[in-house]
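# Residue-level structure breakdown
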Amino acid sequence: MKRIRHASGVDRALRSVHRAVQRVLGGLNQTASHVMARGDYGAAETLATRGREILQFETEVEALQKRWREMHGRRERRSKTVATPLWGYYQPILKALVQAGVECRRSDLEPRVERVLGSDLPPGDRAPVGRGGERWRVMVRRARKHLAAEGWIENGRGPVWRITEAGRRAADKPIPKSSSASD
């Protein structure tokens, strides 16, 4: 089914109405509590009746939103896909560098990292990003400066990555989540 043009405008308008009704209801409740605190129970009861009417209207707006979504075929928002955080690539990269010897070009390193990760890559890491490359490849490139900052690889430019002695040690032990980078 084709999407209805400008349907998102109706979605936004209905959400806006819903939020406005909630604000009105909140203001009414606050006013009713002040009136009640003053002891004007008659006015408080009138406000409570009005509040129940507004609650009914809010329910009708919610039903209208649901009906609109069904009518124009709006897909539910996709939940965020699970993906490995940047620090989760540090140890696989270090292990791949150890397997490669002292140094490795990035073009040779990525397949090694993929083998180290094996089937541990969640679907979010296989998702295309940017210019169509898979997310995990981008994360390997991003990890380079963080690995260098930790002293695990030499801080050099170009395609060659060189592991340090500290990097060799870190390849064999668990790396804590708090290490320098976050996604």
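Let me sum up the structure you'll find in this document. (Residues numbered from 1 in each chain as written. Predicted model: local features only at pLDDT ≥ 70, side-chain atom pairs only at ≥ 80, totals over all residues. Heavy atoms only, no water.)

A tally of helices and strands in the protein chain yields seven helices and four strands. Sequence-ordered secondary structure for the protein chain, helices as α and strands as β, is α-α-α-β-α-α-β-β-α-β-α. A burial count over the protein chain gives 31% of its 183 residues as buried. Within the protein chain, counting contacts between residues at least 6 apart in sequence, those at least 24 apart form 66% of the total. Surface summary for the protein chain: the accessible area is close to 12,400 Å², and the carbon and sulfur share equals 51%. (Helix = DSSP H or I, 4+ residues; strand = E, 2+ residues; numbered from the N terminus. Buried < 20%, exposed > 50% of the residue type's maximum accessible area, 1.4 Å probe, protein only. Contact = heavy atoms within 4.5 Å. Areas by Shrake-Rupley, 256 points an atom, 1.4 Å probe, with all protein chains shown as cover.)

Per the stated rule, a full pass over the model turns up one aromatic pair. Centroid distance tyrosine 90 to tryptophan 152: 6.1 Å. Interplanar angle 65 degrees. Geometry classified as edge-to-face. Of this pair, tyrosine 90 sits in helix H3 (residues 90-100) while tryptophan 152 sits in the loop between helix H6 (135-150) and strand E4 (160-162), placing them 62 residues apart in sequence. The residues tyrosine 90 and tryptophan 152 share a single accessibility class, namely buried. (Phe/Tyr/Trp six-rings, centres within 6.5 Å; stacked < 30°, edge-to-face > 60°.)

What follows concerns the environment of glycine 124. Along the chain, glycine 124 falls in helix H5 (residues 123-126). On the basis of relative accessibility, which here comes to 4%, the residue glycine 124 falls in the buried class. Considering only alpha carbons, one finds glycine 124 and arginine 135, eleven residues apart in sequence, at a separation of 7.5 Å.

Here we take up the nonpolar core. One finds Ile93 and Leu147 to be the most contacted residues of the largest nonpolar core, which totals 24 residues. Contributing elements (two or more residues each) for this core: H3, helix H4 (106-117), H6 and helix H7 (165-172). The residues contacting leucine 147, other than those within four sequence positions of it, are Tyr90, Ile93, Leu94, Trp152, Ile153 and Trp161. Ranked by size, the runner-up nonpolar core spans eight residues in total, among them Leu28, Val35, Leu47 and Ile54. (Core = buried A, V, L, I, M, F, W, Y, C linked by side-chain atoms within 4.5 Å.)

Turning next to the packing of H3 against H7. Viewed as axis vectors pointing N to C, H3 and H7 meet at an angle of 115 degrees, and their least axial separation amounts to 8 Å. Here H3 and H7 pass one another in a crossing that is left-handed. Seen from H3, the contacting residues are Gln91, Leu94, Lys95 and Val98; seen from H7, they are Gly167, Arg168, Ala170, Ala171 and Asp172. Of the residues belonging to the contact of H3 with H7, the class tally is four nonpolar, two polar and three charged. (Axes fitted to C-alpha atoms, helices over the stretch in contact; angles between N-to-C directions. Left-handed = near helix turned anticlockwise from the far one by under 90°. Nonpolar A, V, L, I, M, F, W, Y, C, P; charged D, E, K, R; others polar.)

Regarding H3, the residues found buried are Tyr90, Gln91, Pro92, Ile93, Leu94, Ala96 and Leu97. Lining the buried residues of H3 we find strand E1 (103-105), H4, H6, E4 and H7. Two residues or fewer past H3, glycine 101 is found with a positive phi of approximately 110 degrees.

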